[in-house]
Amino acid sequence: WLVLRWSLNGTLIDLGSDYRRHMSGGNLIINSLDRDQDTGIYQCTAFNTWGIILSCRATLQFAYLDNFKTQTARSAVNVREGQGVVLLCGPPMHSGELTFAWIFNEYPYLVQQDSRRFISQETGSLYIAKVEPSDVGNYTCVVNNSITKGKVLSSPTPLVLRNDGAMGEYEPKIEVNFPDTVPAAKGSTVKLECFALGNPVPEISWRRTSGVPFPSKVKMKNSNAVLEIPHFQQEDTGMYECVAENSRGKNAARGRIAFQAKPHWLQTMIDGALSIEENLFWECKANGKPKPSYSWLRNGDNLMAEGRVQIENGALSIAALNLSDAGMYQCVAENKHGIIYSSAELMVLASPPSFSKNPLKPLLKARSGSEVVLECKPQASPRAISLWKKSNEIVQKNERITLLANGTLKIVNATRRDAGSYTCIAKNQFGTASATGRLLITEPTRITQRPANMEIIVGESIVLPCQIASDPALDVSFSWEFNGQLIDFHGDADHFDRVGGSISGDLMIRNIQLNHGGKYVCVIDTDVESLSASAILVVKGPPGPPDTVAVEEITDSTAQLSWSPGRDNGSPITGYIIQARTPFTVGWQAVDTVPEVINGNTLTATVVGLNAWVEYEFRVVARNSVGMGEPSPASAKTRTEDTSECFSSSLSKIHMQTHTLTNTYRH
């Protein structure tokens, strides 16, 4: 069960006797809000049998705006023409954001802001850089509360011109500026005000002293009297300068905008369950500007550094835990912009040893000559001290036997003499427990017949042997891998099968195909070890089909061909034959070639004995020691030349040669 309680300003709220406040689903609901009774800091406390934690604080404030204290007429302000003047507003008591305006003489005539007149939204005062005769009159400050929408008016302030003549020109005097350091929270909108009195009316400009230009998001308002930076980020920090300038001179004001941010967690603690007398160390880290300060709570109360408890910034350490240290802990990080909480539960355990969740193995098998590890892992708080017995005799350490600090018994180069019944006895101040298991030492497994590297022809079947000699106490299993993948005997039963008995893992491969060539590994797994043996199987087959058969040149009776070799499929190509097909033949026929016998290294040949003016297709077949391969794709259809064309061409050549000889003789 979980109980929730709310407090106001550190005092528990009695909901039973409070008719205006009640709780629903953990939320505090307040009816008929009262500024005097309900203003303050609220916090929820949650507790159950495990401990207490506090929620973040919530502040409830009431926006209000009182009337001006006096409504009597304010004293007149006497100025000379051309002089600058400041009319103070002096807003009344309030809570919530205010905005300001000024009435000139009577409503609804409001003072319009321009390069000569400015109303500060920080102070509410009205600034006139250079007074003109038209400025004479009564000025009333109007104060608006942005939350309540309430509005109050001051009593009028008369502005009167003196009769001792106009004031001469003078350099700017900055009356509205910003602090030397302006803190700005991440994501907020920052507004800087700057206004100067002067004659002539000064012009206002802004810059960053670093020389970095303003990003496009920065806005200048009210004739540059206000610089506005929305969505403030780390890169917007730095020194800003306002310059007021007229023909008589200039003045500047500077201030640094400092990046500020509420805390956020970089590291928090997690729930812990530690044994009594152990040490606790928790650390939480938060980032923020200014740098957050840390405090710790236990069950809702401040935790102080004393004795076993040490606190240093965000680190908490408690030495030699006892049961009273159990509970809910909270790390609190806080700066002026906010406060955050991280919670975790600490359980302090105290119990006698128990093997119920981690018993010893009833039977542990180990190979003779191997390293044996007997683990003793009882649950116990604090950690138990362990000793081992073999057949009621305490196990003594020697050059082969080691007892580790965590209770584990290690035996190196185990022999059959190490076999037997072992008992781990665990003890702490709360009790004793024991667990027993038997150690069986087996003889090493040997591979008596291994698979051997082989060459085989496509379509044949073979058996790859894998036989062992093993200790009869061991459970043995065989598996085979082909090129790194486990063979699926069910999915590929057409080609792979297991043969042999319990001490044999022979692999039969039926109707071997080219894709069965590769590395085969027999894997033998027993209770105590894993062995393997491998062999390379080379599968040979007739050559693959040649490629890209092309007719390079053709006459009336010959055709010159070229081609690319296909795969030799494990056996070198020894020769080629060429076949041809025409519309007048039945299927493909072997043809005569030059050279008559085409060896495996030759990739061109001339086909002879062709008929004139016939359309031919050609293909090439390779052979190796296994046999004839598949034929290549057919070449493009090509027609032999006509004999009459060849005869005419030959006569033309003879005539040209005779004409040349005759001319030579004449000369």
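Residues numbered from 1 in each chain as written. Predicted model: local features only at pLDDT ≥ 70, side-chain atom pairs only at ≥ 80, totals over all residues. Heavy atoms only, no water.

Participant: When you look at the nonpolar core in this model, what are you seeing that I'm missing?
Facilitator: Note that soluble globular proteins tend to have their nonpolar side chains buried in a common cluster. By size, the foremost hydrophobic cluster in this structure holds 22 residues, and its most contacted members are W480, I487, L507, I509, Y520, I524 and L537. When contributions to this core are tallied by element, the ones reaching two or more residues are strand 48 (462-464), strand 50 (477-482), strand 53 (506-509), strand 54 (518-525) and strand 55 (530-540). The dominant element in this core, judged by the number of residues it contributes, is strand 55, at four residues. In contact with L537, other than residues within four places in its own chain, are M454, I456, I462, I509, I512, H516, G517, G518 and Y520. (Core = buried A, V, L, I, M, F, W, Y, C linked by side-chain atoms within 4.5 Å. Buried < 20%, exposed > 50% of the residue type's maximum accessible area, 1.4 Å probe, protein only. Helix = DSSP H or I, 4+ residues; strand = E, 2+ residues; numbered from the N terminus. Contact = heavy atoms within 4.5 Å.)

Participant: What exactly am I supposed to notice about empty space enclosed by the protein here?
Facilitator: All chains considered together, the criterion is met by one cavity of 30 Å³ or more. Lining the largest cavity are W388, V395, Q396, K397, I401, L403 and L409. The residue makeup of the lining of the largest cavity, split by class, is five nonpolar, one polar and one charged. (1 Å grid on protein atoms, 1.4 Å probe; cavity = no way out; pocket = protein on both sides within 12 Å on 5 of 7 lines; lining within 4 Å. Points joined across faces, edges and corners; volume = space filled by probe spheres on them. Nonpolar A, V, L, I, M, F, W, Y, C, P; charged D, E, K, R; others polar.)

Participant: What's the story with the layout of surface pockets in this structure? I'm lost.
Facilitator: Empty space among the atoms becomes visible once a probe the size of a water molecule is rolled across them. Taken as a whole, the largest pocket holds about 650 Å³ of empty space. Residue lining of the largest pocket: 30 residues in total, with Q121, E122, K191, L192 and E193 positioned closest to the centre. Of all the secondary structure elements, the ones that give two or more residues to the lining of the largest pocket are strand 12 (98-104), strand 13 (117-119), strand 18 (170-176), strand 19 (181-185), strand 20 (190-193) and strand 24 (226-229). If you tally residues by element for the lining of the largest pocket, the top one is strand 20, at four residues. Taken together, the residues of the lining of the largest pocket sort by class into 14 nonpolar, nine polar and seven charged. There is about 240 Å³ of room inside the second largest pocket. In this structure, the second largest pocket is lined by 14 residues; those nearest its centre are P359, L360, K361, L374 and E375. When residues of the lining of the second largest pocket are traced back to their parent elements, those giving at least two are strand 38 (372-374) and strand 45 (431-442). It is strand 45 that provides the largest number of residues to the lining of the second largest pocket, a total of three residues. Classifying every residue of the lining of the second largest pocket gives eight nonpolar, two polar and four charged.

Participant: Honestly, the UniProt feature "domain: Ig-like" (unreviewed entry) in the chain in this entry has me stumped. Any pointers?
Facilitator: UniProt's feature table lists "domain: Ig-like" (unreviewed entry) at residues 66-154, 172-258, 263-347, 353-442 and 444-532, given in the numbering used throughout. Across residues 172-258, the secondary structure splits into 0% helix and 59% strand, with the terminal C-alpha atoms separated by 28 Å. Along residues 263-347 the backbone is 0% helical and 62% strand, and the end-to-end C-alpha distance reaches 28 Å. (UniProt positions renumbered as here; feature names shortened; annotations may be inferred.)

Participant: I'm lost on a nonpolar patch on the surface in this one. Help?
Facilitator: On the surface, a cluster of nonpolar side chains totalling about 280 Å² of accessible area is made up of W50, M347 and L349. Relative to the elements of secondary structure, L349 occurs in strand 35 (residues 338-349). (Patch = residues over 30% accessible without salt bridge, like charges linked within 9 Å, V, L, I, M, F, W, Y side chains within 5 Å. Areas by Shrake-Rupley, 256 points an atom, 1.4 Å probe, with all protein chains shown as cover. Salt bridge = Lys/Arg side-chain N within 4 Å of Asp/Glu carboxyl O.)

Participant: Can you help me understand the confidence of the model for the chain in this one?
Facilitator: Here the chain shows a mean pLDDT of 92. Residues at 70 or above account for 96%. Element-level mean pLDDT values for the chain span from 41 in helix 2 (residues 643-666) up to 98 in strand 14 (residues 126-128). Under a pLDDT of 50 for its full length, residues 645-667 has, in the predicted model, two contacts with residues more than four places off or in other chains. (pLDDT = per-residue confidence, 0-100.)

Participant: It is not clear to me how the pairing of strand 24 should be interpreted in this structure. Could you clarify?
Facilitator: Moving residue by residue along a regular strand, the side chains alternate between the two faces of the sheet. The alternating pattern of strand 24 places V226 and E228 on one face and L227 and I229 on the opposite face, and all of these are buried. The sheet contact formed by strand 20 and strand 24 spans four bridges and is antiparallel. Bridging across to strand 24, L192 finds its partner in L227. Pairing of strand 23 (residues 219-221) with strand 24 involves three bridges; the strand directions are antiparallel. Bridging from a neighbouring strand, K219 pairs with E228 of strand 24. Where strand 23 folds back onto strand 24 in an antiparallel hairpin, the turn is made up of four residues, including N222, whose phi is positive at roughly 50 degrees. (Pairing = 2+ DSSP bridges.)

Participant: So what exactly am I meant to see when it comes to unusual backbone geometry here?
Facilitator: The general pattern is negative phi for most residues beyond glycine and trans for most peptide bonds. With an omega of 5 degrees, the peptide bond running from N199 to P200 counts as cis. Mapped onto the fold, P200 is located in the loop between strand 21 (195-199) and strand 22 (203-208). Residue P382 is bonded to the preceding S381 through a cis peptide linkage, with omega at 0 degrees. Assignment of secondary structure puts P382 in the loop between strand 39 (379-381) and strand 40 (385-390). Despite not being glycine, S391 has its phi angle at roughly 55 degrees, a positive value. Considering the arrangement of structural elements, one finds S391 in the loop between strand 40 and strand 41 (393-394). Judged by relative accessible area, S391 falls into the exposed class, the value being 51%.

Participant: Could you clarify how one ought to interpret the environment of A580 in this entry?
Facilitator: Assignment of secondary structure puts A580 in strand 58 (residues 573-581). In this structure, the C-alpha to C-alpha distance between A580 and L464, residues 116 residues apart in sequence, is 44 Å. Leave out the neighbours within four places in its chain, and A580 touches G587, W588, Q589, V591, Y616, E617 and F618.

Participant: Would you explain the state of the cysteines in this entry?
Facilitator: Under the defined criterion, the tally for this structure stands at five disulfides. There is a disulfide in this structure between C284 and C331, and the S-S distance comes to 1.7 Å. Between C284 and C331 the disulfide shows an S-S torsion of about 40 degrees. By sign, it is right-handed. Taken as a pair, C284 in the loop between strand 28 (280-283) and strand 29 (285-289) and C331 in strand 34 (residues 327-335) lie far apart in primary sequence, 47 residues in all. Given the relative accessible area of 1%, C284 is considered buried. The exposure class of C331 is buried, given its relative accessible area of 0%. Between the sulfur atoms of C376 and its disulfide mate C424 the distance is 1.8 Å. Negative torsions about the S-S bond denote left-handed disulfides, and the value of about -70 degrees found for C376 with C424 makes this one left-handed. (Disulfide = S-S within 2.5 Å.)

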